[in-house]
Amino acid sequence: MTKKLAALKGMRDILPYDIGKWRYAEEAARKLFANFGYAEIRTPILEETALFTRSIGEGTEIVQKQMFSFKDRGERDIALRPEGTAPVVRAYLENGLDMKMPICKLFYIGPMFRSERPQAGRSRQFYQIGVESIGFNSPQADVDVIAVMMKLFEACSLEDAELNINSLGCEKDKKHFEQILKEALAADVKRLCEDCKKRYDKNILRIFDCKNETCRAVLHAAPKVAEHLCPECRMHFEKVREGLTAVGIKYRVEPFLVRGLDYYTGTVFEVTHKNLGSQDAVAAGGRYDGLIQELGGEPTPACGFAVGLDRLMLAAADRIKPQETRIEVFLALLGEEADKLGIKLLKELRGKGVLCETCFGAKSLKSQMRLADRLKVKRVLIIGEDEIAKDIAVLRDMDTKEQKEIKLKDAADTHLW
Ligand code: HAM
């Protein structure tokens, strides 16, 4: 027998019987984003690799180990996007959106790619729903971004999602803190894993992303970034916290939250949920006030987040109840003449917006009634040779089991049903 092909490792199909829940979340997001003033943007899935090395950072796990990057036929270095923020900023700059949009608040829904070891809640193709709010420096803008994210969790019955926040401070603060951390960890460098030894020299903040137990133990007593902020950044963080409280959003300050992407400055946050296992971050984001300049634009503050849709589905699977659409009428057709009548009836019914289904070429009425049962249709319209001879159709209500005859010419007159 010919060998069947399977999806690639870490990639999967989202099947028709699950799609209702995905669409429920996507539609809830679209509604909320419209309400909060976000416009949709769709960026390409492939980008120049340099976009990600320059934004996410050379020394990060994503760039070093997880990017699907390769050379195209023209020997150009390209990559499947591992995240949405850098492409959105590239599109913002390339299309001069700052001049074209009075307010630049953007959202996206789509697949991202990271070559990670697959496990529950972690795949190589996954989906994000994200927003990027560009141009606002105020701490209340951070609160507004977090507010729309938390509303989305509420809409998906995940009111118990937990928000953790921290602040990394401005670029200057980050540099200053890196020095403090270097000094504090100097005596323990030899205990760190090989990767972290390199990180210690090149990009010390990334040590916080390490899952190695010894590294984590070393970091347990490490200095906390939010305790070393300049007065301006300390004040900004304080106002974000006050703002969150003012709009009734519960949060916890997580002093070791630094996020695995280099572009963050100031507020960073992560949302976790108890239904998830070790991969418990269902969303994450923060401020990235230096990125737009880093990618060639004017200094412009910005803040955003991305919800991992796959993880949202895992956490909320039993709670999301999409509305089921029921087939209004199933045409049980028997014989070629009935099929011919059926195709005309379908056209007429669909033209009226009636949800209808049939099974052309069926061998028996019994099998069609069984199929109609499995499809949980509301009613069946039976047309066989006998019915055609009598110029009628038999209409059976599948809930009450009542049957009545209607004239064939009136079969699509739904008010007679
Ligand atoms: P991130 O933390 O790398 O941030 O990803 C955001 C979310 O995407 C995670 O919290 C998780 O739910 C989901 N996610 C990430 N990797 C995987 C994976 N391999 N499998 C399944 N889900 C995954 C970003 O991507 C930033 N661009 C977020 C952002 C937007 N910051 C500012 N604006």
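This is a predicted model, so every value here is computed, not measured. (Residues numbered from 1 in each chain as written. Predicted model: local features only at pLDDT ≥ 70, side-chain atom pairs only at ≥ 80, totals over all residues. Heavy atoms only, no water.)

1. Comments concerning the pattern of salt bridges
For the coordinates displayed, the defined rule picks out 29 salt bridges. Notably, a salt bridge pairs Asp 399 with Arg 326, separated by 2.8 Å at the nearest N-O pair. Residue Asp 399 is found in the loop between strand E15 (392-397) and strand E16 (403-407), and its partner Arg 326 is found in the loop between helix H12 (309-316) and strand E12 (329-333); the two are separated by 73 residues along the sequence. By relative accessible area, Arg 326 is classed as partly exposed at 33%. A cluster of three or more residues bridged by salt bridges with shared partners is formed by Glu 61, Lys 65, Asp 195 and Arg 199. (Salt bridge = Lys/Arg side-chain N within 4 Å of Asp/Glu carboxyl O. Helix = DSSP H or I, 4+ residues; strand = E, 2+ residues; numbered from the N terminus. Buried < 20%, exposed > 50% of the residue type's maximum accessible area, 1.4 Å probe, protein only.)

2. Quick word on the sheet that holds strand E4 (residues 77-80)
Read from one edge of the open sheet, three strands run E2-E4-E3, paired in antiparallel fashion. Two strands in the sheet have a free side with no partner beyond their single neighbour: strand E2 (46-48) and strand E3 (69-71). For this sheet, the mean inter-axis angle between neighbouring strands, taken without regard to orientation, is 35 degrees. Across three bridges, E3 lies against E4 in antiparallel orientation. Among the inter-strand pairings, Ser 69 is bridged to a residue of E4, identified as Ala 79. (Pairing = 2+ DSSP bridges. Axes fitted to C-alpha atoms, helices over the stretch in contact; angles between N-to-C directions.)

3. Remarks on the site of the ligand
The full set close to the ligand counts 27 residues, and Glu 83, Arg 114, Glu 116, Glu 132 and Tyr 264 are the nearest of them. Between the ligand and Glu 116 there is a distance of 2.7 Å, counted from a nitrogen atom to a side-chain nitrogen or oxygen. Measuring from an oxygen atom of the ligand, one finds a side-chain N or O atom of Gln 128 at 3.1 Å. Burial of the ligand by the protein chains amounts to 96% of its free accessible area of 660 Å². Going through the elements one at a time, strand E6 (125-134), strand E10 (281-287) and strand E11 (302-308) are the ones with two or more residues in the shell around the ligand. With six residues, E10 is the largest single contributor of residues to the shell around the ligand. (Near = heavy atom within 4 Å. Polar contact = N/O pair within 3.5 Å; in protein donor to acceptor, adjacent residues only side chain to side chain. Areas by Shrake-Rupley, 256 points an atom, 1.4 Å probe, with all protein chains shown as cover.)

4. Here we look at the domain arrangement of the chain
The figure often quoted for interface size is the accessible area lost as the parts come together. Partitioning the chain into domains gives domain 1 (16-170 + 230-319) and domain 2 (329-416). Each of domain 1 and domain 2 was reduced to a C-alpha centroid, and the two centroids are 50 Å apart. (Domains from an automatic or database assignment.)

5. Considering unusual backbone geometry
Phi is positive for Asp 391, which is not a glycine, with a value near 65 degrees. The residue Asp 391 is located in the loop between helix H15 (385-390) and E15 in this model. For Asp 391, a relative accessible area of 49% corresponds to the partly exposed category. Of note in the backbone geometry, Lys 401 takes a positive phi value of approximately 70 degrees without being a glycine. Take Lys 401: it is sitting in the loop between E15 and E16. Judged by its relative accessible area of 45%, Lys 401 is partly exposed.

6. Regarding the environment of Cys 230
As for its position among the elements, Cys 230 is in the loop between helix H9 (213-220) and helix H10 (231-246). Judged by relative accessible area, Cys 230 falls into the partly exposed class, the value being 23%. Taking C-alpha positions, Cys 230 is 80 Å from Ile 383, a pair spaced 153 residues apart along the chain. If we skip the residues at most four places from it in the chain, Cys 230 touches Cys 170 and Asp 173. (Contact = heavy atoms within 4.5 Å.)

7. Overview of the environment of Tyr 108
In this structure, Tyr 108 sits in strand E5 (residues 104-113). When neighbours within four sequence positions are excluded, Tyr 108 is seen to be in contact with Ile 41, Gly 84, Thr 85, Val 88, Gln 128, Ile 129, Gly 130, Val 131, Glu 132, Phe 305 and Ala 306.

8. Some words on the sheet that holds E5
Sheets are built from strands that pair by backbone hydrogen bonding, the pairs being arranged parallel or antiparallel. In spatial order, the strands read E1-E5-E6-E11-E10-E9-E7-E8; together these eight strands make up an open sheet with mixed pairing. At either end of the open sheet lies a strand with only one pairing partner, and these are strand E1 (39-40) and strand E8 (252-253). Across five bridges, the pairing between strand E9 (residues 267-272) and E10 is antiparallel. In the strand pairing of E10, Val 268 is matched with Gly 286. In this fold helix H1 (residues 16-35) packs onto E1, E5, E6 and E11, with an angle of close to 5 degrees to the strand it touches most, E6.

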